[in-house]
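A structural walkthrough
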Amino acid sequence: MTMKIGVFGGTFNPIHRGHLAAASAAAGQLSLDKLLLIPDAIPPHKPLPSGSAGAEERLEMVQLCTAEVSAPAEVLDLELRRQGASYTCDTLAQLREQYPEEELFLLMGSDMFLSFETWRQPERICDLATLAVFSRREESEAAAFARQKKRLEETYGAHIRVLENPEVVEISSTELREKLSRGAGRAYLTEPVYGYILRKGLYGTKADLKHLTPEELRPIALSYLKPKRMPHVLGTEQEAAFLAEKYGADGTAARVAALLHDCTKKLDMDRQLSLCRHYGIDLDPLEQVSLKLLHSKTGAAVARDKFGVSEEIYNAIYYHTTGKADMTLLEKIIYLADYIEPSRRFPGVDELRRAVHTDLNEGLYRALLDSVKELQGYGSPVHPHTREALDSIRSEIGGTIHE
């Protein structure tokens, strides 16, 4: 069965809700199976203004938005890897090689549509893809739109689909950048993109990262994550806040630790090890070869370096994967909040939640015991800190639970 693939390119400087509304409208009206989001490196029609985000920064902001589109979305860096100006004809030619039998739709706004003849090789573009164009709503411009449609069909044999955008967002990237420089504009951005802009100090923004409330930290924390991990971190914050209130811990510290506990989770082994060297983190033999164990250590270091977290929060992040002997109240809460947050779905999680919500220490004992059994079942080594944590909490509660 032939797939329908939308191609949505642009400077995305920054990507905002207007882009996402258009992409979702196109996905629905064209019944797209996939949407390809492609930031350009060097726009051929006009240079990037001074103070723009770099190519890699624009790419990362687009990646942060993929969950917001109503079709499976993929971000491609093919224009960023290509030398020179980013010409649509070259991009479509590359995509046609990759998808020889699929139906490609090139998404564009009416301004670009009305100037289409000025593009490089417009006839080649029309041969490679259907033009999917958002129509003008203004009656005064409808006639020009209709004339252009007829002209391109007659001149280039273009196939054109006219789209509606019922939730159009009236903001240009230029206007948005100006708003951001004045401390405004948040409503036009997804939370992770807004957080990324603040974290990187883009477009003239200035945020004091070492004095943030949990509410101020949340979008910035989300900007470190892959979209699929964002619900987990938000759920961990929710669970940590609940456990902190129930068991008398510092709620602010619990939320901050929860928001930052996975801030380096998406990094690969080479980047994790590089951060360990940068921060002088000593690794035991198991940690040197286990990617899963590294993010808690590097995450704690980043949290302290970039956000100035306390030693208590640092340790709660540092040990949230393995646990340790004689865990503090906050360390127990973060370990468990990560384990049982609301989006977790595994056999026995509901029973474990009830145990944690009834007695924190008994719940921790069960969680650690389950973790050890699971690792042993996979034939994976158990970190010494986890064994020490299990022995410690067993001693604390008197070993009264049946194993």
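Every value quoted in this text rests on a predicted model; they were computed, and no experiment measured them.

Re the overall build of the protein chain
A count of helices and strands for the protein chain gives 19 helices and six strands. The principal-axis extents of the C-alpha atoms in the protein chain amount to approximately 85 × 50 × 40 Å. Split into buried and exposed, the 403 residues of the protein chain put 50% on the buried side. Intrachain contacts of the protein chain at a sequence separation of at least 6 include 70% that bridge at least 24 residues. Counting every atom, the protein chain has about 19100 Å² of accessible surface; 48% of that belongs to carbon and sulfur. The centroid of the 49 positive side-chain charges in the protein chain is displaced by 2 Å from the centroid of its 59 negative side-chain charges.

Overview of empty space enclosed by the protein
The probe, sized like a water molecule, is rolled over the atoms to show the empty space still left. Scanning the entire structure with this criterion turns up one cavity of 30 Å³ or more. Its volume calculated, the largest cavity comes out at about 30 Å³. What lines the largest cavity is Lys-324, Asp-326, Met-327, Lys-332, Leu-364, Leu-368, Ala-389, Ser-392, Ile-393 and Glu-396. For the lining of the largest cavity, the element with the most residues is helix H19 (residues 384-397), which contributes four residues.

Some words on the pattern of salt bridges
Inspection of every chain in the model, using the stated rule, returns 21 salt bridges. With a shortest N-O distance of 3.4 Å, Glu-74 and Lys-34 are connected by a salt bridge. Remark: Lys-34 occurs in strand E2 (residues 34-39) and Glu-74 occurs in strand E3 (residues 73-75); sequence separation between them is 40 residues. One salt bridge connects Glu-117 with Arg-151, and the closest N-O pair in it is separated by 3.1 Å. With Glu-117 in the loop between helix H5 (110-114) and helix H6 (122-128) and Arg-151 in helix H7 (residues 139-156), the pair connects residues that are 34 residues apart, well separated along the chain. Arg-151 gets classed as partly exposed once you look at its relative accessible area, which sits at 40%. Three or more residues joined by partner-sharing salt bridges are found here, namely Glu-215, Arg-218, Glu-237 and Arg-255.

Some remarks on unusual backbone geometry
For the bond from Asn-13 to Pro-14, the omega torsion is 5°, close enough to zero to count as cis. Here Pro-14 is to be found in the loop between strand E1 (4-10) and helix H1 (17-30). The phi angle at Phe-12 is positive, at roughly 50°, despite the residue not being glycine. Mapped onto the elements of the fold, Phe-12 is located in the loop between E1 and H1. In the Ramachandran plot, Ser-31 falls in the positive-phi region, its phi being about 55° despite a non-glycine side chain. Within the secondary structure, Ser-31 is located in the loop between H1 and E2. Judged by relative accessible area, which is 47%, Ser-31 ranks as partly exposed.

Observations concerning the packing of aromatic side chains
If you walk through the whole model with that rule in mind, you get nine aromatic pairs. Each ring, one from Phe-8 and one from Phe-12, has its centre 5.5 Å from the other, and the planes form 90°; the classification is edge-to-face. Residue classification places Phe-8 among the buried positions, given a relative accessible area of 10%. Exposure remark for Phe-12: the relative accessible area of 3% places this residue in the buried category. Ring centres 4.9 Å apart and planes at 40° place the aromatic pair Phe-113 and Phe-145 in the tilted group. Here Phe-145 lies in helix H7 and Phe-113 lies in helix H5, a separation of 32 residues in the sequence. Taking relative accessible area as the criterion, Phe-145 reaches 6% and is therefore assigned buried.

With respect to the environment of Lys-332
As for its position among the elements, Lys-332 is in helix H16 (residues 329-340). A relative accessible area of 8% places Lys-332 in the buried class. Distance in space between the C-alpha atoms of Lys-332 and Arg-218 is 22 Å, their sequence separation being 114 residues. Contacts of Lys-332, omitting those with residues within four sequence positions, involve Met-327, Leu-360, Asn-361, Leu-364, Ile-393 and Glu-396. Looking at Lys-332, its side chain comes within polar contact range of the side chain of Asn-361, at 2.8 Å.

Thresholds applied
- Residues numbered from 1 in each chain as written.
- Predicted model: local features only at pLDDT ≥ 70, side-chain atom pairs only at ≥ 80, totals over all residues.
- Heavy atoms only, no water.
- Helix = DSSP H or I, 4+ residues; strand = E, 2+ residues; numbered from the N terminus.
- Buried < 20%, exposed > 50% of the residue type's maximum accessible area, 1.4 Å probe, protein only.
- Contact = heavy atoms within 4.5 Å.
- Areas by Shrake-Rupley, 256 points an atom, 1.4 Å probe, with all protein chains shown as cover.
- Lys, Arg positive; Asp, Glu negative; His and termini not counted.
- Charge placed at Lys NZ, Arg CZ, Asp CG, Glu CD.
- 1 Å grid on protein atoms, 1.4 Å probe; cavity = no way out; pocket = protein on both sides within 12 Å on 5 of 7 lines; lining within 4 Å.
- Points joined across faces, edges and corners; volume = space filled by probe spheres on them.
- Salt bridge = Lys/Arg side-chain N within 4 Å of Asp/Glu carboxyl O.
- Phe/Tyr/Trp six-rings, centres within 6.5 Å; stacked < 30°, edge-to-face > 60°.
- Polar contact = N/O pair within 3.5 Å; in protein donor to acceptor, adjacent residues only side chain to side chain.

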